[in-house]
4 protein chains.
Amino acid sequence: MNKIRVTIWHEFFHEHTNDDVAAMYPDGMHECLAAALQADDLEIRTAWLMQDEDHGLSDDVLNSTDVMLWWGHALHDNVRDDIAEKVVQRVLNGMGFIALHSAHMAKPFCKLMGQPCKLRWRCANEKAIVWNVHPTHPITQGVPLHFELEREEMYGEVFQIPQPDDLLFITWFAGGNVFRGGCTFTRGLGKIFYFHPGHEDCPSFHNPNVIKVIANSIRWAAPGTLIDLEGNKSQKMLVGGDV
Amino acid sequence: MNKIRVTIWHEFFHEHTNDDVAAMYPDGMHECLAAALQADDLEIRTAWLMQDEDHGLSDDVLNSTDVMLWWGHALHDNVRDDIAEKVVQRVLNGMGFIALHSAHMAKPFCKLMGQPCKLRWRCANEKAIVWNVHPTHPITQGVPLHFELEREEMYGEVFQIPQPDDLLFITWFAGGNVFRGGCTFTRGLGKIFYFHPGHEDCPSFHNPNVIKVIANSIRWAAPGTLIDLEGNKSQKMLVGGDV
Amino acid sequence: MNKIRVTIWHEFFHEHTNDDVAAMYPDGMHECLAAALQADDLEIRTAWLMQDEDHGLSDDVLNSTDVMLWWGHALHDNVRDDIAEKVVQRVLNGMGFIALHSAHMAKPFCKLMGQPCKLRWRCANEKAIVWNVHPTHPITQGVPLHFELEREEMYGEVFQIPQPDDLLFITWFAGGNVFRGGCTFTRGLGKIFYFHPGHEDCPSFHNPNVIKVIANSIRWAAPGTLIDLEGNKSQKMLVGGDV
Amino acid sequence: MNKIRVTIWHEFFHEHTNDDVAAMYPDGMHECLAAALQADDLEIRTAWLMQDEDHGLSDDVLNSTDVMLWWGHALHDNVRDDIAEKVVQRVLNGMGFIALHSAHMAKPFCKLMGQPCKLRWRCANEKAIVWNVHPTHPITQGVPLHFELEREEMYGEVFQIPQPDDLLFITWFAGGNVFRGGCTFTRGLGKIFYFHPGHEDCPSFHNPNVIKVIANSIRWAAPGTLIDLEGNKSQKMLVGGDV
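Residues numbered from 1 in each chain as written. Chains lettered and ligands numbered in written order. Predicted model: local features only at pLDDT ≥ 70, side-chain atom pairs only at ≥ 80, totals over all residues. Heavy atoms only, no water.

### As for the overall build of chain A
The following threshold applies: Secondary structure elements follow DSSP: runs of H or I of four or more residues count as helices, runs of E of two or more count as strands, with numbering from the N terminus. Note that the radius of gyration is over C-alpha atoms, with the globule rule given as 2.2 Å times the number of residues to the power 0.38. Remark: exposure states derive from per-residue accessible area (1.4 Å probe, protein chains only) relative to the maximum for the residue type, with buried under 20%, exposed over 50%, and partly exposed in between. Contact definition: two residues touch when any of their heavy atoms are within 4.5 Å. A 1.4 Å probe and the Shrake-Rupley method give the accessible areas. Residues count as covered only by the protein chains that appear here. For the charge count, each Lys or Arg is scored as positive and each Asp or Glu as negative, with His and the chain ends excluded. Lys charges are placed at NZ, Arg charges at CZ, Asp charges at CG and Glu charges at CD.
On a plain count of helices and strands, chain A comes out with seven helices and eleven strands. Relative to the globule expectation of 18 Å for 243 residues, the C-alpha radius of gyration of chain A, 17 Å, shows essentially globular dimensions. Each of the 243 residues in chain A was classed as buried or not, and the buried ones make up 65%. Contacts in chain A between residues far apart in sequence, at least 24 positions, make up 69% of those at least 6 positions apart. Split by element, the accessible area of chain A, about 8,400 Å² in all, is 48% carbon and sulfur. Seen as two clouds, the 20 positive and the 32 negative side-chain charges of chain A have centres 5 Å apart.

### So, the relation of the copies chain B and chain A
Applicable threshold: Here the copies were fitted onto each other by least squares, based on C-alpha atoms from residues at pLDDT of at least 70 in both.
Once turned by 180° and shifted 0.0 Å along the axis, chain B lies on chain A with an RMSD of 0.0 Å. As the rotation angle and translation indicate, the two copies are arranged about a two-fold axis. Comparing interface residues between copies, 100% of those in chain B also lie at the interface in chain A; the contact surface is shared.

### Things to note about the pairing of strand 5 (residues 120-132) of chain C
Residue and element names in this part refer to chain C. We count it as follows: Strands are treated as partners if at least two bridges between them are detected by DSSP.
Pairing of strand 5 with strand 6 (residues 146-156) involves eight bridges; the strand directions are antiparallel. When the sheet's bridge partners are listed, R122 is paired in strand 6 with M154. Bridging between strand 5 and strand 7 (residues 166-173) involves five bridges; their strand directions are antiparallel. Among the inter-strand pairings, N132 is bridged to a residue of strand 7, identified as F169.

### Focus on the interface of chain B and chain A
Operational definition: Two parts placed together each lose some accessible area under a 1.4 Å probe, and adding up what both lose gives the buried area. Here a salt bridge means any side-chain nitrogen of Lys or Arg lying within 4 Å of a carboxyl oxygen belonging to Asp or Glu. Any pair of N or O atoms that falls within 3.5 Å is considered a polar contact. Within protein, one atom must be able to donate a hydrogen and the other to accept it, and sequence-neighbouring residues count only if both atoms are side-chain atoms. Throughout, the ten residues Ala, Val, Leu, Ile, Met, Phe, Trp, Tyr, Cys and Pro are labelled nonpolar, Asp, Glu, Lys and Arg are labelled charged, and all others, Gly among them, are labelled polar.
Between chain B and chain A, the contact holds 23 residues from the first and 23 residues from the second. Taken together, both faces of the contact between chain B and chain A bury some 1,800 Å²; the carbon and sulfur share is 67%. Among the residues of chain B in contact with chain A, W131, W172 and V178 of chain B are the three that bury the most area, contributing 30% of the side total. Summed over the shared surface of chain B and chain A, the result is zero salt bridges. Linking chain B to chain A there are six residue pairs in polar contact (both at pLDDT 80 or more). Looking at the side of chain B that touches chain A, the elements with two or more residues in it are strand 5 (120-132), strand 7 (166-173) and strand 8 (178-187) of chain B. With six residues, the single largest contributor to the side of chain B that touches chain A is strand 7 of chain B. Its residues assigned to classes, the side of chain B that touches chain A comprises twelve nonpolar, seven polar and four charged.

### Things to note about the packing of helix 3 (residues 29-37) of chain A against helix 7 (residues 208-221) of chain A
All names here are of chain A. Worth spelling out the cut-off: Here an axis means a line fitted to C-alpha atoms, over the contact stretch when the element is a helix, while the angle between two N-to-C directions is reported on a 0 to 180 degree scale. Here is the rule for angles: anything less than 35 degrees is roughly parallel, anything more than 145 is roughly antiparallel, 65 through 115 is roughly perpendicular, and the remaining ranges are oblique.
Contact geometry of helix 3 with helix 7 gives a least axis separation of 10 Å together with a crossing angle of 75°. One element, helix 3, and the other, helix 7, form an angle in the roughly perpendicular class. The segment helix 3 lies against helix 7, with L33, A36 and L37 engaging I211, I214, A215 and I218. Each residue belonging to the contact of helix 3 with helix 7 can be placed in one class, and the counts come to seven nonpolar, no polar and no charged.

### Here's the deal with the pairing of strand 4 (residues 96-100) of chain A
Residue and element names in this part refer to chain A. Across the five residues of strand 4, five count as buried, placing the element largely inside the fold. Burial along strand 4 is two-sided: the face carrying G96, I98 and L100 and the face carrying F97 and A99 are both buried. Here strand 3 (residues 67-71) pairs with strand 4 via five bridges, running parallel. Among the inter-strand pairings, V67 is bridged to a residue of strand 4, identified as G96. Direction of pairing for strand 4 relative to strand 9 (residues 190-195): parallel, over a ladder of four bridges. Note that in strand 9 the partner of F97 across the bridge is I192.

### A word on the environment of Q163 of chain B
Looking at the secondary structure, you find Q163 of chain B in the loop between strand 6 (146-156) and strand 7. You can call Q163 of chain B partly exposed: its relative accessible area is 27%. Along the primary structure Q163 of chain B and M113 of chain B are separated by 50 residues, whereas in three dimensions their C-alpha atoms are 9.8 Å apart. Contacts of Q163 of chain B, omitting those with residues within four sequence positions, involve H134 and D166 of chain A, F185 of chain B together with D165 of chain D.

### Looking at helix 3 (residues 29-37) of chain D
Every α-helical turn comprises 3.6 residues, leaving residues that sit three or four positions apart pointing alike. What helix 3 of chain D keeps buried is the set M29, H30, C32, L33, A34 and L37 of chain D. Residues of helix 3 of chain D that are buried sit in contact with strand 1 (4-10), helix 1 (14-17), strand 2 (42-48), strand 3 (67-71), strand 4 (96-100) and helix 7 (208-221) of chain D.

### Section: the sheet that holds strand 7 (residues 166-173) of chain A
All names here are of chain A. The nine strands lie next to each other as 2-1-3-4-9-8-7-5-6, forming an open sheet whose pairing is mixed. Edge positions in the sheet fall to strand 2 (42-48) and strand 6 (146-156), since each of these pairs with one other strand and no more. Going from strand to strand, the sheet's axes swing by 25° on average, the running direction of each strand aside. Of the strands in this sheet, strand 1 (4-10), strand 2, strand 3 and strand 4 touch helix 3, which is tilted by about 175° from strand 2. Of the strands in this sheet, strand 3, strand 4, strand 8 (178-187) and strand 9 touch helix 5 (residues 81-92), which is tilted by about 115° from strand 9.

### Observations regarding the confidence of the model for chain A
Residue and element names in this part refer to chain A. Worth spelling out the cut-off: Here pLDDT means the predictor's own confidence in every residue, given as a number from 0 to 100.
Per-residue confidence for chain A gives a mean pLDDT of 93; residues scoring 70 or more make up 92%. Counting contacts from residues 239-243, a segment whose pLDDT is below 50, to residues more than four positions away or on other chains yields 15 contacts. Overall fold confidence for the complex sits at a pTM of 0.96, while the interface term, ipTM, reaches 0.94.

### Observations concerning unusual backbone geometry
Residue and element names in this part refer to chain C. Across the junction of E157 and V158, the peptide omega takes the value 5°, indicating a cis bond. Looking at the secondary structure, you find V158 in the loop between strand 6 and strand 7. Backbone geometry places F12, a non-glycine residue, at a positive phi of 55°. Looking at the element boundaries, F12 is found in the loop between strand 1 (4-10) and helix 1 (14-17). A relative accessible area of 18% places F12 in the buried class.

### Concerning the packing of aromatic side chains
For any pair of aromatic rings, the description consists of the separation of the ring centres together with the inter-plane angle of the planes. What counts here: Any Phe, Tyr or Trp ring, taking Trp's six-membered ring, that has another such ring centre within 6.5 Å forms a pair; planes under 30 degrees apart are called stacked, those over 60 apart edge-to-face, and the others tilted. Working rule: Lys NZ or Arg CZ, within 6 Å of ring centre, within 35 degrees of ring normal, means a charge sits over the ring.
Counted according to the given criterion, the structure contains 50 aromatic pairs over all chains. Seen from their ring centres, F159 of chain A and F179 of chain A are 4.7 Å apart, and the 45° between their planes marks the pair as tilted. You can see F159 of chain A sitting in the loop between strand 6 and strand 7 and its partner F179 of chain A sitting in strand 8, a full 20 residues away along the chain. With a centroid separation of 5.9 Å and an interplanar angle of 35°, the aromatic rings of F109 of chain B and Y194 of chain B are classed as tilted. Placement of the pair is F109 of chain B in helix 6 (residues 107-113) and Y194 of chain B in strand 9 (residues 190-195), with a sequence separation of 85 residues. With respect to class, F109 of chain B is no different from Y194 of chain B; both count as buried. Joined through ring pairs, the aromatic side chains of F109, Y155, F159, F179, F185 and Y194 of chain A make up one cluster. A cation over a ring is seen here: K191 of chain A above W220 of chain A, with NZ or CZ 5.7 Å from the ring centre.

Take a look at the structure:
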């Protein structure tokens, strides 16, 4: 079986400017995730904003990526529009896309959602409890019915997103908020998962339940096998026309 | 315009056995609701378990009800199966059905859902905050984006329901739980709304936001105008056949 | 009660270049629709691509529109990007949007959907039957369970759209195709309805059932009453932040 | 890896009373399906209405079934209520359920749906075309975007079902009808798929695309791994309570 080719894209900014973040993620969040997600069926690489002039996302990298993870926060605007658009096109052609934490406002995610995806937020690093409300979904298999994040940034309703295909997790925050923090979407042939844990100075990417969810989502989002109009296997966007 | 004919059905048990409940709802929850919901476009009556041998739900009452509210808790099993089945048939033929609080386990609701609708619960009468996650739905118009219940019974996930048509409210509980506490469903021609506030010894039916939600839901659940196969207006269940 | 302010936007091109279209819609499709939709609770105006340098969509017009109908086909690319973006922003802030026929590829619709919304098509002006698969939805009230279009352009699956909130109509085409031709979506505070009839040289906008569906959709898509964070009525996009 | 234990349940009546059916399915539809679905990861057995006093569905059989296929038509009423109820309970506890063709009116399916699932029908054995409208779903992988059934019983809208979780296939019938003929649902922990081909005197279970869809649906419907409240793997229904 072919391995799933995963690219973990990271803004990789706070690690350079905030000592707490650097201490939490000494090699960067992307490398922390890459190590935690390591598995026989995955071929993982990382890319980041300042890696090269294309943010590490050359056509070669994009075209050889089956599932992309995306973490961005402070520098969404620094992502080139043409690169964001290429990511969108790859998703429409079948690449899975896992939007982590503050990627709710990342250019590719908002373009795919058709709207900015604003929410309430509060930087109190308060206790959060993630509740699994869809225990039969592939992404929740082997994940407890609830698990705690000792501290996370509060992200809360109203979360301005289109109706998700499936709502998987609702998170409780100590300060009185709730959040539809795990949602799936489809755009074109691409499967999309948004998952809220992962503020830069919180240890969520060291949490085994968070990693389990992300690991499941990668397998779920991997491109399927489309039989095109000529009967051939394909992973390309369907083409309209006089057919 | 014809008025919407509303029947508020109540178990009407706790008011007789618990002084706190009797003090909170001296005429019974059903009469409290009837008074609070009074409006020019509604024709409201009440019915209750021990009203007569049919629980107040004769064929005449059922056939002249457009929207039924249902509150039951301790005595679900005392509802006759044939009456529960008649309620189900009326919903399939277009009667709206508003299941309040512990009606998640009422016979008509569970039959319509196709499963028992269990949940976590905790009688701590703790603080709850109801979050509106669907601000464009008719049931949430004029309702704040969040409002507080000073104390309510905790109902929490995993709420074992089929996927709702629309998720309108998620409630936060002080003890660490979340709950999809406002959900819509359709069965046959009947529109169904489940809403969680209303524990017998809590003042939720005196809360104007709770009343506003229920009032909106009555208008939303009122039967529509179906054009049947012969071109006539109808509110009867569609009939299969060789057509 | 305030009237719903409707703007019918039309490309208004084929009427000038094709005699059949001009004969079918002598004053243009927009005026045909405006006349057919006339009602006491609606305040209808029209706008078109070449009306002025803003395509008839000045800020004043946009800001005083509650529901916009959009018909475009051959000249999608001639719509200025900044005007398309203003329409998108108005939808996110609550303006209803009814995308008619070939507006499935219009700039505002595709931006809101997050993807180009391609489909199969065939210009055979073949017989079509529109099947109502959601008889309880406000948009289908008073509409027969099926009705015929004597001839329409075939639009068929796979229709590349995000999962609709609700699927209302599926159309059968004589040539062997099916189409999810009536779908609702929500983006921000805006309600969106796509409806497929209305090819320029077909008489669909003279069909009373088509008009009934569009008329219903206008009432359905009209903005609601949002209570904002300060307790005031509002129709503005929710604002994220530390709240 | 453990095999998926599949039980194909069949009414097995028409084969005894209709020569055409007997010729089409000499060993019965159940054995035709069992042979066609044979695979290394499946352990397949069959059961039928008159097999024994429990319709072949003893507690042992039920408790060792991961996914059940169900075909019934003329003798729905002959299925004992207590057996139908046991099947429902197994689904709620995680058993997958694939309802084939006329099983839309089978006792277990209707109980799970919460309503009788009537539809239009016409025994004309007309040409049908199955359109795949959800090309990213696991059940549609490797299935063409459309395929033909040379003749099938017409099943058409309005199909009286609850909103499906996902709509996968829409079928076109030569006589002018459309049908949401491939739909998924969840009840309790059980995944459910309804698929319309398979009239007794039509060759649909000899069609490789039909078999491919059913084969995919078995893998999709197989029970997952639930982590229960004590952290143990479980496939039992969640239990409500003071937790």
